[in-house]
Amino acid sequence: PDRGPDRGPGVDTEVVAHRGSSGVAPENTLASARQALRDRADEIENDVQRSADGVLVLMHDTTLARTTDAEQVFPGRAPWNVGDFTLRELRRLDAGSWFGPEYAGERIPTLAEWGRVVGNRADVLIEMKSPSLYPGIARDLDRALAETPFRTALRRDRLVVQSFEIDWLRAYEQASPAVPKGLLYGTRPTPQQIADAAGWTEWVNPSFRVIEESDVDAVQAAGLRIGVYTVNTGVDMRRLVRWGVDAIITDYPQVLRSVLGR
Ligand code: G3P
Ligand code: CA
C-alpha cells in the first residue's frame with residue numbers, strides 16, 4: 001500500500017513478542033510477558049489450551065514434557081497431555097527451570113492471569129493451539145474475552161485471535177464475528193487461500209520461511225494484513241521490513257526494535 005511520502009518501510013511494522021520475549025525468558029510464562037513489556041513490544045503473542053477442569057492456560061506443545069517437569073512430578077501420566085491435568089495439578093509444575101535456573105518456580109499461567117499482567121500495555125495476539133482437541137473452547141474463550149483487560153483491548157481493536165485450524169477459526173468467526181481473526185500458515189498460502197481468507201479474517205500470518213515478496217503484496221491487495229513468524233535474525237528482519245510486512249513475530253523484540261530504529 002502507498003504509505004505516503006514520509007512513511008518508509010518499517011514505520012508501521014508491529015513488533016510482536018512470540019510467546020513473550022521467549023528468546024530470553026521461558027515461553028508462555030508471566031516472566032516472558034513481563035520481559036516483552038520491558039522490551040516495549042507492540043504486541044504479545046501466546047498459545048492457549050485448556051486444563052481438564054476447563055481453565056484456559058498458556059502452553060505451546062499439546063504435552064507438558066518439553067517445558068515443564070511433569071515427567072518427574074507425575075511419572076505415571078505419560079504422555080502428559082495438557083488437557084488431562086487439572087489447573088491444580090498444572091500449578092504444581094515448574095515451567096521455568098528448563099530454560100534456566102534463574103526461572104525456577106515459574107508457573108503455567110492462566111490466560112486471565114496473563115491478561116492482568118499485559119493489561120493494555122501491549123496489544124494481544126491469542127493463538128488457539130489445537131482447539132479441536134478442546135470441544136467448546138470457543139465459549140471459554142469468549143468468556144475470557146468478556147473480562148477486562150481483554151474486553152477493553154477488543155473495543156480498541158487491539159486484540160486478535162489466530163489459529164492454524166482454519167475450520168475452527170471459521171466456526172469461531174460465525175459465533176463471534178466481532179473478534180478480529182488471524183490465519184496461520186506453515187506452508188505458502190495459495191492465491192485461492194488468500195482470496196478465501198478475505199472477507200472474514202483480518203490477518204494472514206505465514207511462516208517467514210515459506211513466503212515470497214509477491215505474497216506480501218497479494219495479501220495486502222486482498223485487503224488483509226500480513227504478519228510473519230518467527231523471525232529472529234537481523235538479516236531476515238531487514239528483508240521482511242523491506243518487503244512491507246505489517247507485523248513481525250519474534251523471540252527477540254528488542255533486536256527487531258533496534259532494526260526498526262525505535
Ligand atoms: O504466532 C505465530 C507462531 O506462534 C505460530 O507458530 O508453533 O510458534 O505457535 P508456533
Ligand atoms: Ca504460537
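Residues numbered from 1 in each chain as written. Chains lettered and ligands numbered in written order. Predicted model: local features only at pLDDT ≥ 70, side-chain atom pairs only at ≥ 80, totals over all residues.

- The protein chain is annotated in an unreviewed UniProt entry as Hydrolase of Nocardioides lentus.

## Let's talk about the overall build of the protein chain
Then comes step 1: Check the secondary structure of the protein chain and you find 11 helices and nine strands.
Then comes step 2: In terms of overall size, the protein chain behaves like a compact globule, its C-alpha atoms giving a radius of gyration of 18 Å where 262 residues would be expected to give roughly 18 Å.
Then comes step 3: Considered along the principal axes of its C-alpha atoms, the protein chain spans approximately 60 × 40 × 35 Å.
Then comes step 4: Per-residue burial over the protein chain gives 44% buried out of 262 residues.
Then comes step 5: Sequence separation of at least 24 residues holds for 56% of the intrachain contacts in the protein chain that already meet a minimum separation of 6. (Helix = DSSP H or I, 4+ residues; strand = E, 2+ residues; numbered from the N terminus. Rg over C-alpha atoms; globule rule 2.2 N^0.38 Å. Buried ≥ 20, exposed ≤ 12 C-beta atoms within 10 Å, placed from the backbone. Contact = placed C-beta atoms within 7 Å.)

## Some points on the packing of helix H10 (residues 234–243) against helix H11 (residues 253–260)
The packing of two helices is summarised by the inter-axis angle and the distance between the axes.
Then comes step 1: Viewed as axis vectors pointing N to C, H10 and H11 meet at an angle of 50 degrees, and their least axial separation amounts to 10 Å. Judged by the inter-axis angle, H10 sits oblique to H11. In the crossing of H10 with H11, the sense of the turn from one axis to the other is right-handed. In this structure, H10 uses Gly 234, Met 237, Arg 238 and Val 241 to contact H11, whose residues at the interface are Val 255, Leu 256, Val 259 and Leu 260.
Then comes step 2: Taken together, the residues of the contact of H10 with H11 sort by class into six nonpolar, one polar and one charged. (Axes fitted to C-alpha atoms, helices over the stretch in contact; angles between N-to-C directions. Parallel < 35°, antiparallel > 145°, perpendicular 65-115°, else oblique. Left-handed = near helix turned anticlockwise from the far one by under 90°. Nonpolar A, V, L, I, M, F, W, Y, C, P; charged D, E, K, R; others polar.)

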